[in-house]
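This is what each chain is made of:
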Amino acid sequence: MQITDTAAIVTGGASGLGGATARALAARGGRVFALDLAPAIEKAEQVEGVTYVAADVTDPEQVQAAVDQAAGSGVPLRIVVNCAGVGWAGRVLGKQGPHDLELFRKVVEINLIGTFNVLRLAAEAVAKTEPLVDDQRGVVINTASVAAFEGQIGQIAYSASKGGVAALTVPAARDLSSVGIRVMTIAPGIVDTPMLATVSDEFRAGLAAGVPFPKRLARPDEYAQLAVSIVEHDYLNGEVIRMDGALRMAPR
Ligand SMILES: NC(=O)c1ccc[n+]([C@@H]2O[C@H](COP(=O)([O-])OP(=O)(O)OC[C@H]3O[C@@H](n4cnc5c(N)ncnc54)[C@H](O)[C@@H]3O)[C@@H](O)[C@H]2O)c1
């Protein structure tokens, strides 16, 4: 599917992987609507072809308004990339006692339910566009994590949320096959984004040393490159692709 003259929604589009994807899609002629929380948008750089829209992915009304804006932009909405997410940590049983239930709920709410909220509302708009070759109308790309498969100590909520994102890929692709919408998920390893901003250089070097090859953290533009490839490759559907340099996370 071509990107030129197509509207795209990128959640978490003001930072990290979403920011890189918004820039990559805009550079290829896409009209990008970058959904993010207002404080993140305030810090985001202005990019030609990218319109920032303040919206919380867990809020149905805010997401519906953003979808309406993208769908009414004058070019068809066909691309959705879900990058909004949080990585808050906590153990099942920590020094302060059992895992905070609200924290667990919140991580699942943003990472899993937020992804699904955008998927369902955007799919309705994409389904109304004119079909292209093979009756394709669009593509949704979600972001899981290698933590969906081998979550580390302290990643119980994050892993559960990302496992849900990985698991919904096939049923979503099946559900939306009748309207010509593909659904794919990218499971990144460790990418050098603001999500890692709080870790020390020493810890960062340790993370890089654990990657078999290439022996470094991934770059956000490598995620964007994969997202662009998925958009352009019409036969990719219903699959989770790891982008991790063959990394398999250890318990800690
Ligand atoms: N960086 C990594 O190593 C890595 C690895 C695997 C998976 N991921 C996943 O990739 C995605 C992007 O992460 P990143 O590293 O770019 O992080 P990031 O913190 O740079 O970007 C995440 C963005 O999501 C936004 N966001 C958070 N909650 C939101 C909400 N409720 N509504 C709308 N926007 C919201 C934040 O404001 C932020 O701009 C996340 O889902 C993350 O779990 C990241």
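Residues numbered from 1 in each chain as written. Predicted model: local features only at pLDDT ≥ 70, side-chain atom pairs only at ≥ 80, totals over all residues. Heavy atoms only, no water.

Attention now moves to the overall build of the chain. Helix and strand counts for the chain come out as eight helices and nine strands. For a compact globule of 252 residues, the expected C-alpha radius of gyration is about 18 Å, and the chain comes in at 18 Å, within 12% of that figure. Expressed as lengths along the three principal axes of its C-alpha atoms, the size of the chain is roughly 55 × 35 × 35 Å. Counting across all 252 residues of the chain, residues that qualify as buried make up 52%. When contacts within the chain are restricted to residue pairs at least 6 apart in sequence, long-range pairs at least 24 apart make up 72% of them. Working note: accessible area of the chain is about 12,100 Å², and carbon and sulfur atoms make up 55% of it. Computed over 22 positive and 27 negative side-chain charges, the inter-centroid distance for the chain is 6 Å. (Helix = DSSP H or I, 4+ residues; strand = E, 2+ residues; numbered from the N terminus. Rg over C-alpha atoms; globule rule 2.2 N^0.38 Å. Buried < 20%, exposed > 50% of the residue type's maximum accessible area, 1.4 Å probe, protein only. Contact = heavy atoms within 4.5 Å. Areas by Shrake-Rupley, 256 points an atom, 1.4 Å probe, with all protein chains shown as cover. Lys, Arg positive; Asp, Glu negative; His and termini not counted. Charge placed at Lys NZ, Arg CZ, Asp CG, Glu CD.)

Let us look at the packing of helix 1 (residues 16-27) against helix 8 (residues 220-232). The description of two packed helices rests on the angle between their axes and on the distance between the axes. For the pair helix 1 and helix 8, interaxial distance at closest approach is 8 Å and the crossing angle is 55°. The angle between helix 1 and helix 8 falls in the class oblique. Considering the relative orientation of helix 1 and helix 8, their crossing is right-handed. Contacts between helix 1 and helix 8 pair G16, L17, A20, T21, A24 and L25 from the former with P220, D221, Y223, A224, A227 and V228 from the latter. Classifying every residue of the contact of helix 1 with helix 8 gives nine nonpolar, two polar and one charged. (Axes fitted to C-alpha atoms, helices over the stretch in contact; angles between N-to-C directions. Parallel < 35°, antiparallel > 145°, perpendicular 65-115°, else oblique. Left-handed = near helix turned anticlockwise from the far one by under 90°. Nonpolar A, V, L, I, M, F, W, Y, C, P; charged D, E, K, R; others polar.)

Another point: the site of the ligand. Taken together, 26 residues are adjacent to the ligand, and S15, D36, Y158, K162 and T193 come closest. Taking G85, its main chain carries an N or O atom lying 3.5 Å from an oxygen atom of the ligand. With respect to the ligand, the side chain of T193 contributes an N or O atom lying 2.5 Å from an oxygen atom. Coverage of the ligand by the protein amounts to 92% of the 820 Å² it exposes when considered alone. Every element with two or more residues in the shell around the ligand is listed here: helix 1 and helix 5 (156-167). Grouping the amino acids of the shell around the ligand by side-chain chemistry returns 15 nonpolar, eight polar and three charged. (Near = heavy atom within 4 Å. Polar contact = N/O pair within 3.5 Å; in protein donor to acceptor, adjacent residues only side chain to side chain.)

Okay, the sheet that holds strand 9 (residues 240-243) next. Paired through their backbone hydrogen bonds, the strands of a sheet run either parallel or antiparallel. Overall, parallel pairing links the seven strands, which are arranged 3-2-1-4-7-8-9 in an open sheet. The open sheet has two edge strands, strand 3 (50-54) and strand 9, and neither has a second partner. The mean inter-strand angle of the sheet, taken between neighbouring strand axes irrespective of direction, is 20°. Note: strand 1 (residues 7-11) against strand 2 (residues 31-36), five bridges, orientation parallel. If you follow A7 over to strand 2, its bridge partner there is R31. Those strands touched by helix 4 (residues 101-126) are strand 1, strand 4 (77-82), strand 7 (138-143) and strand 8 (181-188), and its axis lies near 175° from that of strand 4. (Pairing = 2+ DSSP bridges.)

Another aspect to go through is the UniProt feature "domain: Ketoreductase" (unreviewed entry) in the chain. In the numbering used here, UniProt assigns the feature "domain: Ketoreductase" (unreviewed entry) to residues 6-193. Between the end C-alpha atoms of residues 6-193 there is a gap of 27 Å, over a span that is 40% helix and 21% strand. (UniProt positions renumbered as here; feature names shortened; annotations may be inferred.)

If you walk through the whole model with that rule in mind, you get ten salt bridges. Among the ionic pairs, R23 bridges to E45, the shortest N-O distance being 3.5 Å. Taken together, the residues R23 in helix 1 and E45 in the loop between helix 2 (38-43) and strand 3 connect sequence positions 22 residues apart. For R23, a relative accessible area of 36% puts it in the partly exposed group. For E45, a relative accessible area of 48% puts it in the partly exposed group. (Salt bridge = Lys/Arg side-chain N within 4 Å of Asp/Glu carboxyl O.)

Take the pairing of strand 1 next. Strand residues, when the strand is regular, have side chains that alternate between the two faces of the sheet. Within strand 1, five of the five residues are buried, leaving the element largely enclosed by the surrounding structure. Of the two faces of strand 1, both are covered, the one formed by A7, I9 and T11 as well as the one formed by A8 and V10. Relative to strand 4, strand 1 runs parallel, the two sharing five bridges. Within strand 4, the residue paired with T11 across the bridge is N82.

A few words now on the pairing of strand 4. Burial runs high along strand 4: six of the six residues are buried. The pairing of strand 4 with strand 7 spans three bridges and is parallel. Each bridged residue has a counterpart across the sheet, and for V80 the counterpart in strand 7 is V140.

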